[in-house]
Every structure is written in structure tokens, then in C-alpha cells.
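Coordinate inspection notes
These are the residues of each chain, in order.
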Amino acid sequence: MNEALTLLSFGDLGWGDAIALGTVVTVSLALATLPFALIIGFLVALAKKSNEPSLKLAANIYTTIFRGLPELLTLFLVYFGVQIAILNGLRLIGVDTYVEVNSFVAGMVAMSLVSSAYMSEAFLSAFRGIPQGQYEGGHALGLRHGQTLMLVIFPQLIRLALPALGNSWLILLKDTALVSVIGLSDLMRETGIAARVTKEAFLFFGIACLIYLVLAMISSVGLSWTERWSKRGDTAR
Amino acid sequence: MTGSTATVQMSRPPAPPRAWTKTRIFGHTLMAMWIVSGISLVYYLASNIASPFVQKYWPVYLHGFFVTLEIVGLSLLFGALLSVPIALARASRWKVFSAPAFAYVYFFRGTPLIAQTFLLYYGAGSFRPELEAIGIWPIFREAFYCVILAFSLNTSAYQAEILRGAIQNVPRGQWEGAQALGIPRSVAFFKVILPQALLVALRPYGNEIILMIKGSAIAAIVTVFDLMGETRRAYSRSYDFQAYIWAAVIYLFMVEVLRRIWDRFEARLTRHLIR
């Protein structure tokens with residue numbers, strides 16, 4: 001028991017600092033991905049509910065691809081694909097050099113693609129929960145289409161979409177563990193290194209699982225708080 | 001005068017041509033981009049179909065494909081078997097059963113599959129003497145069995161939640177109706193409740209299978225040569241990017257075929273519900 005505590009302590013003897021740093025990287029990757037995933041997901045949902053068939057089809061192809069590919073494969077496609085594209089582009093203009101894509105950025109791009117495809121579904125089903133009368137009301141008040149969307153629909157949409165978006169956030173948080181495979185020093189990688197060096201794999205991977213659990217718990221608390229906040233107008237009715 | 005023809009053919013005026021709104025232009029531009037990239041993908045794959053890469057690696061990919069199917073099939077099967085007692089325990093009124101079941105489900109749904117796989121595969125080494133003593137060490141030594149164990153445990157947690165949700169979703173009146181007819185509880189469960197619950201559970205089960213197919217790519221990281229594993233090996237030997245593109249096409253194909261079959265299946269089973 002004491003031995004385990006020494007291994008997990010901060011400072012020269014333990015791996016505490018490495019694991020803490022890894023946790024920070026994991027959380028910041030998820031947080032950095034979130035706004036992109038939300039914005040792309042919202043736009044894709046808008047396209048999916050539009051009356052224009054071509055736009056709808058284009059958006060559906062997007063979600064079919066990124067919900068059908070394994071997250072790990074998307075990650076490799078982005079990581080190696082972008083690298084090869086940049087190298088070929090440089091070779092075209094006559095520069096022969098080696099470029100390595102930053103794994104944080106590659107992870108961010110891949111996770112945004114995957115997560116936005118899921119979030120677009122969340123937004124889409126929330127759109128279905130908003131009655132047509134809300135659009136008509138906005139129109140009757142003389143608001144332009146964009147204004148109706150932003151001032152009338154969006155605030156209600158967020159409230160309806162929050163539970164599903166929260167779920168997507170939890171999935172996103174877990175999926176960031178995959179980015180360790182392309183060399184990002186996140187929680188999974190740091191604990192992996194510690195496990196290999198100390199030969200205490202069960203201890204360190206167990207700690208990694210526990211930290212992911214704690215992150216999920218913190219997220220759930222935050223999410224339920226946000227949900228309550230978003231519904232604060234409901235009680236008055 | 002042509003007044004003799006009494007019936008004048010009235011035809012509906014032609015629909016006004018659809019205006020080229022900004023949305024429509026944008027939609028067509030996006031579709032054009034998809035079509036161009038789709039055609040170039042097909043062209044790229046077709047031009048490479050006789051390349052040395054494909055000649056050399058297609059049997060390997062085929063093998064990987066079957067390994068992936070094997071992992072997914074076995075994990076889903078074991079997971080389904082395991083999920084029944086977990087779901088029962090989770091729905092139980094006694095805390096002794098429901099609390100551990102809740103912890104189990106919460107753990108497996110709250111941590112990444114990759115972490116669970118590492119915990120089992122690498123972590124088992126820490127308990128080697130104990131595992132050897134009971135004689136199940138060979139299971140933990142082989143990455144393949146380890147992966148199946150990890151995936152089964154993972155999917156059993158998800159499936160237990162699906163099952164529990166579906167069973168609790170069946171209205172109480174169904175239980176009461178069966179009781180009024182004098183049907184024993186166990187018969188009522190299997191003949192009345194379960195068929196209705198499984199219909200509700202059909203869609204989430206389909207999603208779970210798709211999640212498992214996608215998640216099975218993780219097996220590649222612990223040295224199992226499934227489709228993803230063979231892909232990574234082919235890429236590291238050839239440095240040819242088409243390795244990943246072929247894998248993407250195969251995975252997309254797998255998931256799409258399964259989704260279509262499942263939609264048909266669901267439509268067939270719920271045809272009595274369509275009014």
C-alpha cells in the first residue's frame with residue numbers, strides 16, 4: 001500500500017506530476033474540441049432540417065461518414081493524411097523537408113469531425129421539438145429569418161438539446177483517450193509510460209480509469225447544474 | 001368556331017421554376033464537392049486495384065476483416081449473456097444487488113474502452129501468480145482473448161442498461177393484465193413483457209452493435225491483428241496511405257450494411273404498430 005502511494009506521489013519519487021499533467025492535457029483537448037464540435041454540429045443540423053434537398057443530402061453524407069468510421073481510424077486518416085498532404089504540397093513548390101503534424105491539433109480536428117456528427121443529431125432532434133408556431137410568431141413580429149433563429153429558436157433549442165449534448169460531451173471526453181495512440185501526452189499515455197517503467201500496470205491503468213470516472217462525475221454535476229439553469233424559466237409558468 | 005368540343009382539357013399550370021436561392025446554390029456547391037471527392041476516391045481506388053499494394057495485402061485485409069467480425073460477434077454474444085443478470089440486479093429492489101450492478105455499469109460506461117482494455121491486458125500481468133494458480137492465465141496472456149473479455153464486459157454494461165430501460169418501459173398494465181388472466185409471473189415475463197421490451201430495445205441494440213464494430217478497432221493497439229491491426233501493419237511496411245483508405249471503405253461498408261439490415265429488420269418486426 002505504501003509502495004503504491006509512493007509511486008503516485010508528486011515529486012522525484014512518484015508519477016503524480018506526470019499524471020496530473022496528462023489529466024490537464026486530456027481535459028484541455030476535450031475543452032478545445034467542444035466549441036468546434038458544437039458549431040459544426042449546429043450548422044450541420046441546420047443543413048439537415050433545411051427545405052433544400054441538396055443541402056440535406058450533403059449534410060447526411062457528412063454524418064454517415066463520420067458516424068460510420070471508427071474514431072481511431074478517423075484519427076489516423078487525419079493525422080497521416082494531413083501530413084502527407086502537406087509534404088506533397090511542399091514538394092510541389094520545391095521544398096523538400098520533413099513535417100510532423102502536431103498530435104494535439106490532429107486530435108482536435110478528428111474529434112471535432114466525429115463529435116460534430118453526433119452533436120448534429122442532438123440538435124436535429126431538438127429542432128423537431130420546437131413547434132412551427134415559434135417561427136411564425138417570430139415572422140409575425142417582423143424579425144428576419146436569422147433573427148428569429150438566434151433570438152427565438154436558439155434559446156429554446158439549447159434547453160431541448162442539452163441532455164443529448166451532455167451525453168456527446170461525455171463520449172468526447174472518453175474518445176480523447178484515443179489520441180494517446182498518435183503520441184499526445186495525455187492521461188492515457190502518461191499512465192502507460194508509468195506502467196511500463198514501474199511494471200505496475202494494474203495500479204496505473206486503474207488510476208487512469210478512476211480519473212476518467214472522476215472527470216465524468218464532475219461533468220455530470222456540471223451538466224445537471226447547466227440543465228437546471230437552462231430550465232429556470234420553466235418554474236414560473 | 002370550335003365550340004363543339006365540350007370538354008376542354010384543363011391542365012395544371014407548370015410549377016414555377018425554383019429560384020436559385022443562396023441556400024440552393026450553397027447546397028449544390030457542397031454536393032458538387034462530395035461528388036467530386038467521391039469520384040476521385042473511386043478513381044483512386046480503381047486505379048490502385050491492380051497495384052502491388054493491393055496484390056500483396058488483400059488476403060491480409062480479408063483475414064483482418066474476419067478477425068474483426070469474430071471479435072465483435074463473440075463480444076456481443078458474451079455481453080448479451082452477461083447483461084441479463086446485471087440488468088436484473090440493477091432493477092432489483094434490494095440495495096445488495098442494485099448497488100454493485102450500478103457501480104459496474106457506471107464504471108464501464110464512464111471510462112474509455114481503451115483504458116479498460118489496457119487495464120485488463122497489461123494489468124493482468126500484476127496478478128500473474130494468482131491467475132496461474134487458478135489456471136486462467138492463458139486467457140490473459142493472449143491479446144485476442146483479453147480483448148474479447150474486455151469488450152464483453154464493456155458491452156454487457158451498455159446492454160444491461162438497454163435491457164433494463166426497455167423492460168421498465170413496458171406499462172404496468174401489461175403485468176396487471178397478465179396477472180388478471182392468471183398467468184404466472186415468469187410466463188408473463190417471457191411471453192408478455194419481454195417481446196414488447198425487445199421491440200423498444202431494437203434500435204439501441206443496433207446502435208450498440210455499430211459502436212462495437214467501431215470500438216473493435218481498439219484491439220489493434222494491443223497487438224491483435226484485426227482489420228485495423230492489419231491496416232496499421234500494412235501502412236508501417238509500405239508507407240502507402242491507401243492502406244488507411246481501404247480500411248475506411250471497408251469499415252464504412254460494414255456499418256452501412258448493418259444499419260440497412262437493421263432498419264429492414266426493425267420495419268419487419270414493428271409492422272403491426274404502423275397505423
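All of the points below concern the structure found in this document. (Residues numbered from 1 in each chain as written. Chains lettered and ligands numbered in written order. Predicted model: local features only at pLDDT ≥ 70, side-chain atom pairs only at ≥ 80, totals over all residues. Heavy atoms only, no water.)

**A short note on helix H2 (residues 16-48) of chain A**
Between its first and last C-alpha atoms H2 of chain A spans 46 Å; for 33 residues at 1.5 Å apiece the expected length is 48 Å, and the two agree. Considering bend angle alone, the principal kink of H2 of chain A is centred on Leu 34 of chain A and spans about 30°; proline Pro 35 of chain A follows within four residues of it. (Helix = DSSP H or I, 4+ residues; strand = E, 2+ residues; numbered from the N terminus. Expected span 1.5 Å × (residues − 1). Bend = angle between axes of the 7 residues up to and from the residue.)

**Let's talk about the interface of chain A and chain B**
The partner chain B presents 42 residues to the 40 residues of chain A that form the contact. Roughly 3600 Å² is buried in total at the junction of chain A and chain B, and carbon and sulfur atoms are behind 80% of that figure. On the chain A side of the interface with chain B, the three residues burying the most area are Lys 174, Phe 202 and Cys 209 of chain A, jointly 15% of the side's total. In this structure, the connection of chain A to chain B is made through two salt bridges. As a salt-bridge pair, Lys 214 of chain B and Glu 71 of chain A come within 3.4 Å of each other at their nearest N and O atoms. Inspection of the chain A/chain B interface yields nine residue pairs in polar contact (both at pLDDT 80 or more). With eleven residues, the single largest contributor to the side of chain A that touches chain B is helix H3 (residues 53-68) of chain A. Along the lines of polarity and charge, the residues of the side of chain A that touches chain B split into 28 nonpolar, seven polar and five charged. (Contact = heavy atoms within 4.5 Å. Buried area = accessible area lost by both parts, 1.4 Å probe. Salt bridge = Lys/Arg side-chain N within 4 Å of Asp/Glu carboxyl O. Polar contact = N/O pair within 3.5 Å; in protein donor to acceptor, adjacent residues only side chain to side chain. Nonpolar A, V, L, I, M, F, W, Y, C, P; charged D, E, K, R; others polar.)

**Digging into the packing of helix H2 (residues 52-91) of chain B against helix H11 (residues 242-269) of chain B**
Residue and element names in this part refer to chain B. Taken N-terminus to C-terminus, the directions of H2 and H11 make an angle of 40°; their axes are 11 Å apart at the nearest point. Taken as axis vectors, H2 and H11 run oblique relative to one another. The two elements H2 and H11 cross, and the hand of that crossing is right-handed. Across the interface between the two elements, Phe 53, Val 54, Tyr 61, Phe 65 and Thr 68 from H2 touch Gln 242, Ala 243, Trp 246, Ala 247, Ile 250, Tyr 251 and Met 254 from H11. When grouped by side-chain class, the residues that make up the contact of H2 with H11 number ten nonpolar, two polar and no charged. (Axes fitted to C-alpha atoms, helices over the stretch in contact; angles between N-to-C directions. Parallel < 35°, antiparallel > 145°, perpendicular 65-115°, else oblique. Left-handed = near helix turned anticlockwise from the far one by under 90°.)

**Focus: the packing of aromatic side chains**
Within this structure, the stated rule accounts for 29 aromatic pairs over all chains. Ring geometry for Phe 53 of chain B against Tyr 57 of chain B: centres 4.8 Å apart, planes inclined by 45°, an arrangement best described as tilted. Residue Phe 53 of chain B and its partner Tyr 57 of chain B are both found in helix H2; the two are separated by four residues, about one turn of the helix. Tyr 57 of chain B shares its class with Phe 53 of chain B; the two are buried. Measuring from centroid to centroid gives 5.0 Å for Tyr 235 of chain B and Tyr 244 of chain B, while their planes differ by 50°, and the two rings are tilted. Side by side, Tyr 235 of chain B and Tyr 244 of chain B carry an identical accessibility label, which is buried. Members of the aromatic cluster, joined through ring pairs, are Phe 76, Tyr 79 and Phe 80 of chain A together with Tyr 235, Tyr 239, Phe 241 and Tyr 244 of chain B. (Phe/Tyr/Trp six-rings, centres within 6.5 Å; stacked < 30°, edge-to-face > 60°. Buried < 20%, exposed > 50% of the residue type's maximum accessible area, 1.4 Å probe, protein only.)

**Looking at the pattern of salt bridges**
Applying the stated criterion to the full structure yields twelve salt bridges over all chains. Across the pair Glu 52 of chain A and Arg 18 of chain B runs a salt bridge, and its minimum N-O distance is 3.4 Å. Here Arg 18 of chain B lies in the segment before helix H1 (22-47) and Glu 52 of chain A lies in the loop between H2 and H3, a pairing that spans two chains. When its relative accessible area of 6% is taken as the criterion, Glu 52 of chain A is described as buried. With a relative accessible area of 47%, Arg 18 of chain B lands in the partly exposed category. A salt bridge links Arg 233 of chain B to Glu 230 of chain B, with the nearest nitrogen and oxygen atoms 3.0 Å apart. With Arg 233 of chain B and Glu 230 of chain B both in helix H10 (residues 227-238) and three residues apart, the pair spans about one turn of that helix. By relative accessible area, Arg 233 of chain B is classed as partly exposed at 28%. A residue is classified by how much of its surface remains accessible, and Glu 230 of chain B, at 4% relative accessible area, is buried. One continuous salt-bridge network, built from bridges that share partners, spans Arg 90, Glu 161 and Arg 164 of chain B.

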